[in-house]
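# Observations on chain architecture
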Amino acid sequence: MCFCLCAAVCASCSVDRHMEKKAGELMARMDAVPDWRQLPRKEISWHQALAMMMERNIDLKKSEQSLKTTKRSVVNVFTQIIPGVNLDWMLTKELSDLARVSAGDVEYNTNILFNMPSLTQIPFDYYSAKAAVYTAEKTLEMKKRELVARLYQQVLSYRNAQISYNNQLSSLPYDDDGVQKKKLDLERERNLNEISQGFAVLLGNMDARWLVNPETMPRLDWGRYRAASRQLDLLVVTMVAMELEASRLQVLNAKLKFFPSVDINFYSPTLFSSTGGTYGGFFAGAGDMKVNMSLREELDTRLTSWFQYKSAKESHELLQREVVMELQRRRIKIAALLESRRRFELWQGVLMKEIAFKESRLSVSGDEYLEQRKDIRKMYADLDNEASKNAEVEAALIMEYGWLK
């Protein structure tokens, strides 16, 4: 008891020292990382940003890792049939004689283990593993689409910030002594830093304050989105179908419990053993090689399996109804997104004409000039707010149908 207590205390101290060391190493590593504000600002093209994002984005790498894991699970369905080999080593000796240990005091064995899973379970496990791979592949495809939509929205944010700065710069009063422009430049710098951080997270690279040139981004064909909206996107429907399939597999797995299971186990003699200098093993004969085959059926006297099956079936039936309603709501949402974008285009065109008209008018008095500049600033502010909302709408459409150009 005293020994266990001392071991626990020592282990606790060891953990404290170890974690302090690791925390210190991490702090030293962060000290070597340059300050974000001191990093150079680099503007790259859309295609460069896209390539960097696909190569380094952390969320995308996690999805790729998940796909690799599911593929290994398919292989594991068959590798679990491969026999296992155990190597056992044992020493039995009195404490007073530990200084005099000979080969005769050591016993070691080599055994083979072969446990074949139920023959009725293997096809289900294989199909489930393959379905998991398919799901991971489609999830990875959807993740790429999501990242492209986010990158598109971020580029629009950068473009809108540039337009907003130029508009505010042009609306500064002629008698400004530089104070207003300095405030405007400070606000622009703060916005650019926030936008750069957003780009860095998407690109998975914080070696610079990245910006993506909006002029290099391909122009999307919104007419193709209107044509595509006549039906739901195949990838989106596939994701919903996979959810239904996962539910169906739960029902099938519950149903399999009512069927007997076939188990096969092989037992072999010790492949090799050494005890007290005497050797033995499989070479001595295989007369004790045995195979055990059993047909086992568990009677559901407590109705546990029956209740599980009924619950899984009821949940699956509800999910079938739910996904149809969800897809219908998705149709309505897509129509609303397209209508919102159409209205923004019309509103933007009218507002820009009104701004151009006000800017072309000559003021007859100082008060009228100030009022006119005030109205123009408000119009530009409204345009910035609505442009940000429209960027979200367009990103949502890209998320639904991918990159159509």
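The notes below deal with the structure included here. (Residues numbered from 1 in each chain as written. Predicted model: local features only at pLDDT ≥ 70, side-chain atom pairs only at ≥ 80, totals over all residues. Heavy atoms only, no water.)

## Examining the overall build of the chain
- A tally of regular secondary structure across the chain gives nine helices and eight strands.
- Residues counted as buried form 30% of the 405 residues belonging to the chain.
- Counting only contacts in the chain whose residues sit at least 6 apart along the sequence, the fraction spanning at least 24 positions is 81%.
- With an accessible surface of roughly 26,600 Å², the chain has 57% of that area assigned to carbon and sulfur atoms. (Helix = DSSP H or I, 4+ residues; strand = E, 2+ residues; numbered from the N terminus. Buried < 20%, exposed > 50% of the residue type's maximum accessible area, 1.4 Å probe, protein only. Contact = heavy atoms within 4.5 Å. Areas by Shrake-Rupley, 256 points an atom, 1.4 Å probe, with all protein chains shown as cover.)

## Comments concerning the packing of helix 7 (residues 234–256) against helix 8 (residues 304–360)
- At their nearest, the axes of helix 7 and helix 8 sit 8 Å apart, and the two run at 170° to each other. Classed by the angle they form, the pair helix 7 and helix 8 counts as roughly antiparallel. Taken together, the residues of helix 8 that come into contact with helix 7 (itself represented by Val236, Val240, Glu243, Leu244, Ser247, Arg248, Gln250, Val251, Ala254 and Lys255) are Gln308, Tyr309, Ala312, Lys313, His316, Leu319, Gln320, Val323, Leu327 and Arg330.
- In terms of residue class, the contact of helix 7 with helix 8 is built from 10 nonpolar, five polar and five charged. (Axes fitted to C-alpha atoms, helices over the stretch in contact; angles between N-to-C directions. Parallel < 35°, antiparallel > 145°, perpendicular 65-115°, else oblique. Nonpolar A, V, L, I, M, F, W, Y, C, P; charged D, E, K, R; others polar.)

## A few points about the environment of Gln250
- Relative to the helices and strands, Gln250 resides in helix 7.
- On the basis of relative accessibility, which here comes to 55%, the residue Gln250 falls in the exposed class.
- When the C-alpha atoms of Gln250 and Lys313 are compared, they prove to be 8.4 Å apart, with 63 residues separating the residues in sequence.

## A word on the side chain of Asn193
- Relative to the assigned elements, Asn193 resides in helix 5 (residues 179–203).
- In this structure Asn193 touches Trp36, Arg41 and Arg209, once residues within four positions along its chain are discounted.

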